[in-house]
Each structure stands twice: as structure tokens, then as C-alpha cells.
Amino acid sequence: MVPEIDLAWRRGIRPEPPIPVSDWADRHRILPPTSAEPGRWRTERTPYLREVMDALSTSSPYERVVLMKGAQTGGSEAGLNWLGYIIQNAPGIAMLVMPSLDMVRRNTTVRIDPLIEATPALRELVASPRSRDAGNSLFRKSFPGGQLVMTGANSAVGLRSTPVRYLFLDEVDGYPGDADGEGDPVDLAIQRTATFQGRRKIYMVSTPTLKGHSRIEAAFEWSSPLKVVHQLGYICPAIWRISDGWETRKAGRDCIESSAG
Ligand SMILES: Nc1ncnc2c1ncn2[C@@H]1O[C@H](COP(=O)(O)OP(=O)(O)OP(=O)(O)O)[C@@H](O)[C@H]1O
Ligand SMILES: [Mg+2]
């Protein structure tokens, strides 16, 4: 049997138990030799990321996670763990948006490929880089039941490419205000998730830049439960601010349903 089909079939009869993203990371994630601390991932090393990651699990009711954080506090790693969890436990279409296409190329080489290569559970699921069908490229990684599409906030074509269930918006304060004259890249990307309303997950993360001109700060300030409900119809906001390794959760964690659609 073709290996991918065999694998998909096995998955079908032996589904992974639903575990939170932090558990997935502790069990499966291996940090590559190029990482500052290679070897097994340990959530206890950065405990403030546990709730952030677990809000991204499909078993969590949160639909949007906004993380405003200090530099080098693990915001991107939390998202990489989430991507690994998606590939193995909850396959579907995921989109990772970086500030530019150039940064996507670099991020794939420096972070995404090592994530897959160093983690055996992922290596066996993602198409080989040598496969000719473009299932594994700088901009796309295919796996049974889904794919990870990676694009730049400067590319309207990339942002319009496909319906998306899982959206990872990294370093949003580096995004341009406008993607190819077609509007705000964050709005364009979020529009891709519309058909998955209620089941989608959106992870927006950045270190804030200039006060008053920061996307992540605006999302963070704006994401009071009432305003979010007004905008999205149904959402459970989960919002964290991380600086110097300490966590302050700002908004309430209540899940709110709205009849607004
Ligand atoms: N729990 C952990 N165990 C081991 N290493 C960790 C852990 N969390 C973060 N790191 C390491 O810390 C470094 C910074 O992580 P990451 O790049 O995710 O931070 P960031 O907040 O996205 O940084 P930036 O501000 O540059 O975007 C990386 O080398 C990462 O591997
Ligand atoms: Mg980062």
C-alpha cells in the first residue's frame, strides 16, 4: 500500500486521544540541534505558555488567542508546538503568516523544517522534502488529512489562497498596513477562516512595537469580550500579555455566545 494511504488508514482506525497542545509537546516535540536548548521540549521550562498552548487545542472552546509578549519568550515556539499537534492529532488546513514572503522562506528553513525533521512523530507524517509532488516546499507542507500553507503578509495572492481552519499570525507588528493594495493582511487572513466559524482557531502573536501604532497592542486592548462578540458572533477570548517571563491575563476567560452570527 502507498505509505501515505496506509498511514491515513491506520489513523482512521486508531485515532489519537484528544490531548492538550502542551501534553503533545511534552510527549513528542524534540528541539533541533540548532535550538538554544536542544532535546525534549519541557513546558515546565516556560510554564506561562501552558495556557496559551492549551487554548489552541481543539478541545478548548477558545477561538482566538492574542499573545502580546516580550522578545524571545517562546511565542513562536508555542505556535510551532500547535502546528505539530495539528499535523499529528487534529489534521486540517493551517496557514502560517509571516510579515513577508522572504521571512517565510527563512522561517521554513530555520524553524519549520527543523521542527519536522527533529520530531519523529512529524517526520513520518509530512511528505519528504525530496518528493516531487511539491507536497513539501518552502511554502507548503502536506500531511495526511491536511496541509500547512505558509505565506507573507505582503502577498494578497497568498492570503486569498485557501479556506483555513487554523490560522497562525506570527510577528503581526511587522506586517504591512496593506497587502498589495487589497487591504489589511490580518483581515484578509481571518476572512479565510469564515467557513470554520465555531471550529476555527486564530493565534495572533507579537512583541509590541511603537505604542499607539502596534497591531498586537490594538488587538489586545480591543479584545474585550463584548467587542469580540460583536465582531465575530461567537468567541471565547483568551488573551495574555507576557513580559519578562511573567504572565498577566487581562481579559476574562468566559465563553460568550452571541446570536449576531
Ligand atoms: N520550553 C522551552 N524549552 C526550551 N527552549 C525553549 C522553550 N521555550 C522557548 N525556548 C527557546 O527560546 C528561544 C525563543 O523562542 P521563540 O523564538 O519562540 O520566542 P519568540 O518570543 O517568538 O521570540 P521573538 O521575539 O524573536 O519572536 C528559542 O530558541 C526556543 O527554542
Ligand atoms: Mg517569534
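Residues numbered from 1 in each chain as written. Chains lettered and ligands numbered in written order. Predicted model: local features only at pLDDT ≥ 70, side-chain atom pairs only at ≥ 80, totals over all residues.

**Structural notes on the overall build of the chain**
When helices and strands are counted, the chain shows 10 helices and 12 strands. Scored against the burial criterion, the 261 residues of the chain give a buried share of 45%. Contacts in the chain between residues at least 24 apart in sequence constitute 69% of all its contacts with a sequence separation of at least 6. (Helix = DSSP H or I, 4+ residues; strand = E, 2+ residues; numbered from the N terminus. Buried ≥ 20, exposed ≤ 12 C-beta atoms within 10 Å, placed from the backbone. Contact = placed C-beta atoms within 7 Å.)

**Description of the pairing of strand E4 (residues 93–98)**
E4 sits mainly inside the fold: 6 of its 6 residues count as buried. Covered by surrounding structure in E4 are Ile93, Met95 and Val97 together with Ala94, Leu96 and Met98, the residues of both alternating faces. Note that E4 and strand E6 (residues 146–152) share 6 bridges and pair parallel. The residue of E6 that forms the bridge with isoleucine 93 is glutamine 147. Pairing of E4 with strand E7 (residues 166–170) involves 4 bridges; the strand directions are parallel. (Pairing = 2+ DSSP bridges.)

**Focus: the packing of helix H2 (residues 21–28) against helix H4 (residues 75–89)**
Where H2 contacts H4, the two axes come as close as 9 Å, and the packing angle between them is 85°. When the axis of H2 is compared with that of H4, the two are roughly perpendicular. Taken together, the residues of H4 that come into contact with H2 (itself represented by Val21, Trp24, Ala25 and His28) are Asn81, Trp82, Gly84, Tyr85, Gln88 and Asn89. (Axes fitted to C-alpha atoms, helices over the stretch in contact; angles between N-to-C directions. Parallel < 35°, antiparallel > 145°, perpendicular 65-115°, else oblique.)

**Describing unusual backbone geometry**
For glutamate 171, which is not glycine, the phi dihedral falls at a positive 55°. Turning to its location among the elements, glutamate 171 is positioned in the loop between E7 and helix H8 (185–191). Phi at aspartate 180 is positive, roughly 50°, even though this residue is not glycine. The exposure class of aspartate 180 is partly exposed, given the 15 C-beta atoms found within 10 Å.

**Quick look at the nonpolar core**
Ranked by size, the top nonpolar core spans 62 residues in total, and within it Trp82, Ala94 and Phe168 carry the most contacts. In this structure, phenylalanine 168 is in contact with Gly79, Trp82, Leu83, Ala94, Met95, Leu96 and Tyr203, ignoring residues within four places of it in sequence. (Core = buried A, V, L, I, M, F, W, Y, C linked by C-beta atoms within 7 Å.)

**Observations concerning the site of ligand 1**
By nearness alone, 18 residues border ligand 1, and Arg45, Gly74, Gly75, Ser76 and Glu77 come closest of all. Residue contributions to the shell around ligand 1 peak at 3 residues, all from H4. Considered class by class, the residues forming the shell around ligand 1 number 4 nonpolar, 8 polar and 6 charged. (Near = placed C-beta within 6 Å. Nonpolar A, V, L, I, M, F, W, Y, C, P; charged D, E, K, R; others polar.)

**With respect to helix H5 (residues 101–118)**
The terminal C-alpha atoms of H5, which comprises 18 residues, lie 24 Å apart, in line with the 26 Å expected from a rise of 1.5 Å per residue. Among all positions in H5, only Val104, Asn107, Thr108, Arg111, Leu115 and Ile116 are buried. The inward-facing, buried residues of H5 abut H4, E4, helix H6 (120–123), strand E5 (140–143) and E6. (Expected span 1.5 Å × (residues − 1).)

**Section: the pairing of E6**
Most of E6 sits out of view: 6 of its 7 residues are buried. Here 4 bridges tie E5 to E6, and the two strands are oriented antiparallel to one another. Bridge pairing links phenylalanine 143 to glycine 146 in E6. Connecting E5 to the antiparallel partner E6 that follows it, the hairpin turn spans 2 residues, and glycine 145 within it adopts a positive phi of roughly 90°.

**Some details on the confidence of the model for the chain**
Low-pLDDT stretches of the model should not have their predicted coordinates read in fine detail. Here the chain shows a mean pLDDT of 82. Residues at 70 or above account for 76%. A low-confidence stretch, residues 224–236 stays under pLDDT 50, and its non-local contacts, those more than four residues away or across chains, total 30 contacts. Below pLDDT 50 for its whole length, residues 251–261 participates in 21 contacts with residues either more than four positions away or in separate chains. (pLDDT = per-residue confidence, 0-100.)

**Some thoughts on H2**
Turning to H2, its buried residues number three or more, namely Val21, Ser22, Trp24 and Ala25. Taken end-on, H2 shows its buried residues confined to a sector of 160°, consistent with a single buried face. Where H2 is buried, its residues touch helix H3 (49–55) and H4. (Arc of directions from axis to C-beta.)

**Brief notes about the environment of threonine 108**
Summarising the element assignment, threonine 108 is placed in helix H5. For threonine 108, a count of 23 C-beta atoms within 10 Å gives the class buried. Residues threonine 108 and lysine 141, spaced 33 residues apart in sequence, show a C-alpha to C-alpha distance of 9.9 Å. Beyond its immediate sequence surroundings of up to four residues, threonine 108 is in contact with Asp113, Leu138 and Met150.

**A few points about the environment of glutamine 197**
Relative to the helices and strands, glutamine 197 is located in the loop between H8 and strand E8 (201–206). Remark: the alpha-carbon pair of glutamine 197 and arginine 165, spanning 32 residues in sequence, is separated by 8.4 Å.

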